[in-house]
Amino acid sequence: MRRWTAFPAFPALIVVIAVVGACSGGGTTGSPSTAASASAAPPASVEASASAGGSAAATSAACNPPKQDGVKLTFSSFGGVYQEAQRKAWLEPYTALTGVEFTNDEASSNATIKAQVEAGQVTWDVVDVGNDFGLDANKDLLEPLDYTLIPRDEVLENLGAGDYRVPDITYGVVLGYNTDKTAGKVPAGWADFFDTAKIPGKRGAWDYSEGGLFEFALMADGVKPADLYPLDRPRAIKNLDTIRNDLVFWTSGAQSQELIGSGEVAMSMIWNGRAYSAKHIDNRPVEIQWNQQIVTADYFVVPKGTPNKDTAMDFIAWATCKENNAAPSKYIPYGPTNTLATADPSKVAELSVSNADENSAYFDDEWIVKNAQMLEDAYQAWKTE
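Residues numbered from 1 in each chain as written. Predicted model: local features only at pLDDT ≥ 70, side-chain atom pairs only at ≥ 80, totals over all residues. Heavy atoms only, no water.

Trainee: Provide a residue-level description of the overall build of the protein, including the pertinent values.
Mentor: Each helix and strand in the protein was counted, giving 13 helices and nine strands. For the protein, with 385 residues in total, the buried portion stands at 58%. Considering only residue pairs separated by 6 or more positions, the protein has 75% of its internal contacts joining residues 24 or more positions apart. Just so you have it, the protein exposes about 14700 Å², and 50% of that area is on carbon and sulfur atoms. (Helix = DSSP H or I, 4+ residues; strand = E, 2+ residues; numbered from the N terminus. Buried < 20%, exposed > 50% of the residue type's maximum accessible area, 1.4 Å probe, protein only. Contact = heavy atoms within 4.5 Å. Areas by Shrake-Rupley, 256 points an atom, 1.4 Å probe, with all protein chains shown as cover.)

Set out below in structure tokens:
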């Protein structure tokens, strides 16, 4: 089983050279590291792979997609400010460059991919999925990615790129808090999330067994991030029982943003981009505690049986090439996955990877996928007992 044993070095790996320039319609370039380290030399392994002939050829092809006027792709992601950032950063420029037109679906779901493929009625062409999908366990549902086009050698190897998925953005699952509701108190980590005597108020939680709630319950109970897996479900559930009556569950990023922004919850587990939007777009009294965040990524996949497979591969290659991969960071603080791409300077301090340290956690994707049913059964049993 692959563990994320090397992933805690992730922030160091992304401190690579900034490459300034753009393909037609491209976005910002460089690294999601801090400004002070942006000029640091890349790790030798990255430098070598980036200079390899195969990688150069892939980059050239990725950044120069063919004109395909009138061709249509359906792009499925998670909606809200995230998908709006993807639309502005990738979809609209790609249409201007190639003529490919996009239909957006804001209901990305692993179950929907499975249902479409098994019914032989695939309507999604490119899907943005979470870290719990796109592994070999899902290969019967997905098209193998075309790495003669997609610059795999430039993508952070510890993000888990594979035959069926390639990472497109990095983000963090963090502790967001409403400063009005915490009355000036700053939660130090997940132990304070579980301590309603110290900081009163409701707590927001993603209603999803694989989203991080078990991990946060264990860290709050003293488990070190490096020791989370295999997850100790009984220990996590015992801690969750202590705040059962104070939990408010959310099922979408938009809902999490509203809950923390309105003050309906004093604290919430939340994606860092949503907390950022609550503060900077909604102008709500929301801050992030980065301590004990979970650093993770989203991935592009192509459902098996799409009639637009080749066009989908062209788009994925273009969106992950160094000139374009960081473009969403102009609109939301989610970082690039291409080691040669540079995040927008105004968002660098707000990136998950910029705030990662020895206390950060990382999902063990393969363990989660292998044990998904066990996690779901334990979670539902706890919720309904």
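Trainee: Run through the pairing of strand β2 (residues 101–105), naming residues and quoting values.
Mentor: Sheet topology note: the strand β1 (residues 72–76)/β2 ladder contains five bridges and is parallel. Its bridge partner being in β2, Thr74 is matched across the sheet by Thr103. Running through helix α4 (residues 80–98), the crossover from β1 to the neighbouring parallel element β2 is right-handed. (Pairing = 2+ DSSP bridges. Right-handed = clockwise from strand over helix to strand, strands pointing away.)

Trainee: Residues and numbers for unusual backbone geometry, please.
Mentor: Tyr229 connects to Pro230 through a cis peptide bond whose omega is 0°. For Pro230, the position within the fold is in the loop between α7 (213–220) and α8 (233–241).

Trainee: Give a detailed account of the side chain of Asp192, specifying residues and quantitative values.
Mentor: Looking at where Asp192 falls in the secondary structure, it is placed in helix α6 (residues 190–193). Looking at Asp192, its side chain comes within polar contact range of the side chain of Lys198, at 3.0 Å. Discounting residues that sit within four places of it in the chain, Asp192 has contacts with Val186, Pro187, Lys198, Ile199, Arg203 and Met267. (Polar contact = N/O pair within 3.5 Å; in protein donor to acceptor, adjacent residues only side chain to side chain.)

Trainee: Explain the packing of α8 against helix α13 (residues 372–384) to me, and be specific about the residues and the numbers.
Mentor: Packed helices, taken two at a time, are described by the angle their axes make and the gap between the axes. Where α8 meets α13, the closest approach of the two axes is 11 Å, and the angle between their N-to-C directions is 30°. The orientation of α8 relative to α13 falls into the category roughly parallel. Note that α8 runs across α13; the crossing there is right-handed. Between α8 and α13, the residues in contact are Arg233, Ile237, Leu240 and Asp241 and Met374, Leu375, Ala378 and Trp382, respectively. (Axes fitted to C-alpha atoms, helices over the stretch in contact; angles between N-to-C directions. Parallel < 35°, antiparallel > 145°, perpendicular 65-115°, else oblique. Left-handed = near helix turned anticlockwise from the far one by under 90°.)

Trainee: So what's going on with the packing of α7 against α8? Residues and values would help.
Mentor: Contact geometry of α7 with α8 gives a least axis separation of 8 Å together with a crossing angle of 80°. Regarding the angle of α7 to α8, the classification is roughly perpendicular. Together, Leu213, Phe214, Ala217, Leu218 and Ala220 of α7 and Arg233, Arg235, Ala236, Ile237, Asn239 and Leu240 of α8 make up the contact between the two elements. Of the residues assigned to the contact of α7 with α8, the class counts are eight nonpolar, one polar and two charged. (Nonpolar A, V, L, I, M, F, W, Y, C, P; charged D, E, K, R; others polar.)

Trainee: Tell me what's going on with α13, and back it up with residues and numbers.
Mentor: Taking 1.5 Å per residue, 13 residues should reach 18 Å; α13 reaches 18 Å between its end C-alpha atoms and fits that length. When we look at burial in α13, the residues that qualify are Ala372, Leu375, Ala378, Tyr379 and Trp382. Angular distribution of buried residues about the axis of α13 spans 135°; they occupy a single face of the element. In α13, those exposed residues whose orientation departs by more than 90 degrees from the buried face are Gln373 and Thr384. (Expected span 1.5 Å × (residues − 1). Arc of directions from axis to C-beta.)

Trainee: Tell me about α4, and name the residues and values.
Mentor: Spanning 19 residues, α4 covers 25 Å between terminal C-alpha atoms, matching the ideal 27 Å at 1.5 Å per step. A bend of about 40° at Arg87 is the largest found in α4. For α4, the set of buried residues is Tyr82, Gln83, Ala85, Gln86, Ala89, Trp90, Leu91, Pro93, Tyr94 and Thr98. Check the buried side of α4 and you find it contacts β1, β2, β3 (126–129), β4 (166–178), β8 (286–301) and α11 (309–320). (Bend = angle between axes of the 7 residues up to and from the residue.)

Trainee: Requested: an account of the nonpolar core, with residues and values cited.
Mentor: Core analysis: the largest hydrophobic core is formed by 84 residues, its most contacted members being Trp90, Phe214, Met269, Phe300, Phe315 and Ile316. Ranked by size, the runner-up nonpolar core spans 15 residues in total, among them Val117, Phe133, Leu156 and Tyr164. (Core = buried A, V, L, I, M, F, W, Y, C linked by side-chain atoms within 4.5 Å.)

Trainee: Just give me the short version of the confidence of the model for the protein, but keep the residues and values in it.
Mentor: Chain-level pLDDT for the protein is 87 on average; 85% of the residues reach the 70-or-more range. Within the model, pLDDT remains below 50 along residues 1–53, and this stretch shows 131 contacts once partners closer than five positions in the same chain are excluded. (pLDDT = per-residue confidence, 0-100.)

Trainee: Describe the pattern of salt bridges, naming the residues involved and giving the relevant values.
Mentor: Oppositely charged side chains can form a pair if their charged atoms are brought close together. Tallied over the entire structure, the rule returns 15 salt bridges. The closest approach of N and O atoms between Asp69 and Lys67, which form a salt bridge, is 3.7 Å. Here Asp69 matches Lys67 in class, with each residue exposed. A salt bridge links Arg87 to Glu84; the nearest nitrogen and oxygen atoms lie 2.4 Å apart. Pair noted here: Arg87 and Glu84 are both in helix α4, with a separation of three residues, about one helical turn. (Salt bridge = Lys/Arg side-chain N within 4 Å of Asp/Glu carboxyl O.)

Trainee: Go over the packing of aromatic side chains, please, and point to the residues and values.
Mentor: One pass over the full model with this rule turns up 21 aromatic pairs. Here the aromatic rings of Phe214 and Tyr379 are separated by 6.3 Å at their centres, their planes lie at 80°, and the arrangement is edge-to-face. Of this pair, Phe214 sits in helix α7 while Tyr379 sits in helix α13, placing them 165 residues apart in sequence. Tyr379 matches Phe214 in its accessibility class, with the two residues each being buried. Ring plane angle 90° and centroid distance 5.2 Å describe the contact between Trp250 and Trp271, whose orientation is recorded as edge-to-face. Placement of the pair is Trp250 in strand β6 (residues 247–250) and Trp271 in strand β7 (residues 267–271), with a sequence separation of 21 residues. Connected via pairs of aromatic rings, a cluster forms that spans Phe75, Trp90, Tyr94, Phe102, Phe300, Phe315 and Trp318. The lysine or arginine in question, Arg165, covers the ring of Tyr299, its NZ or CZ lying 3.8 Å from the ring centre. (Phe/Tyr/Trp six-rings, centres within 6.5 Å; stacked < 30°, edge-to-face > 60°. Lys NZ or Arg CZ within 6 Å of the ring centre and 35° of its normal.)

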